[in-house]
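A look at the structure
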Amino acid sequence: MTKIYNQYSQKQIRKDLRNKMTAPEIVLWSKLKNKQFNNCKFRRQHGIGKFIVDFYCPELKLVIEIDGANHFFDKDSEKYDNDRQKFIESQGVKVLRFTNNDILDNLNEVMEIIGQKIF
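Here is what the cut-offs are and how they apply
Residues numbered from 1 in each chain as written. Predicted model: local features only at pLDDT ≥ 70, side-chain atom pairs only at ≥ 80, totals over all residues. Heavy atoms only, no water. Salt bridge = Lys/Arg side-chain N within 4 Å of Asp/Glu carboxyl O. Helix = DSSP H or I, 4+ residues; strand = E, 2+ residues; numbered from the N terminus. Buried < 20%, exposed > 50% of the residue type's maximum accessible area, 1.4 Å probe, protein only. Pairing = 2+ DSSP bridges. Axes fitted to C-alpha atoms, helices over the stretch in contact; angles between N-to-C directions. Contact = heavy atoms within 4.5 Å.

This paragraph deals with the pattern of salt bridges. Evaluation of the coordinates by the stated rule reveals four salt bridges. Between Asp67 and Arg97 there is a salt bridge, with the nearest N and O atoms lying 2.9 Å from each other. In this pair, Asp67 sits in strand S3 (residues 62–67) while Arg97 sits in strand S4 (residues 94–99), placing the two residues 30 residues apart along the sequence. Residue classification places Asp67 among the buried positions, given a relative accessible area of 7%. Put simply, Arg97 and Asp81 hold a salt bridge, and the shortest N to O gap is 3.7 Å. Of this pair, Arg97 sits in strand S4 while Asp81 sits in helix H4 (residues 75–90), placing them 16 residues apart in sequence. Residue class for Arg97 comes out partly exposed when judged on its relative accessible area of 26%.

Spelled out as structure tokens, the structure:
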């Protein structure tokens, strides 16, 4: 059986992504890290199969994705995102998606939505 989480071949890519987080990712990470949100452990830039997700909580099997502008204007990105989400959900993992603007303009609402999925 192939290891599905954090494959070694993606280690450097995950590290690079953690070092180059976008502003919305930094804002959300500041609320999720160190079990400070409902005592849930979140990981950033976590590998699931061939995909790397923005945030993942193993105990809840919950992925949080932040979509930038390129997700809405590129047809290939839309198909990739759909295929990616189908694969992740086929592993029994729930996916929550937010836009950059959601994070930057409505962080309290985003945190409330995440909290509803936790309980």
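Moving on, there is more to tell.
Right, let's talk about the sheet that holds strand S2 (residues 51–57) for a bit. Spatial strand order, S1-S2-S3-S4: four strands in an open sheet with mixed pairing. Two strands in the sheet have a free side with no partner beyond their single neighbour: strand S1 (43–48) and S4. Adjacent strand axes in the sheet meet at a mean angle of 45° when their direction is disregarded. In this structure, S1 lies alongside S2, joined through five bridges in antiparallel fashion. Paired with Arg44 across the bridge in S2 is Phe55. This element, helix H1 (residues 11–19), spans S1 and S2 of the sheet and lies at about 155° to S1. Together, S3 and S4 form the strand contacts of helix H6 (residues 107–118), whose direction differs from that of S4 by roughly 175°.

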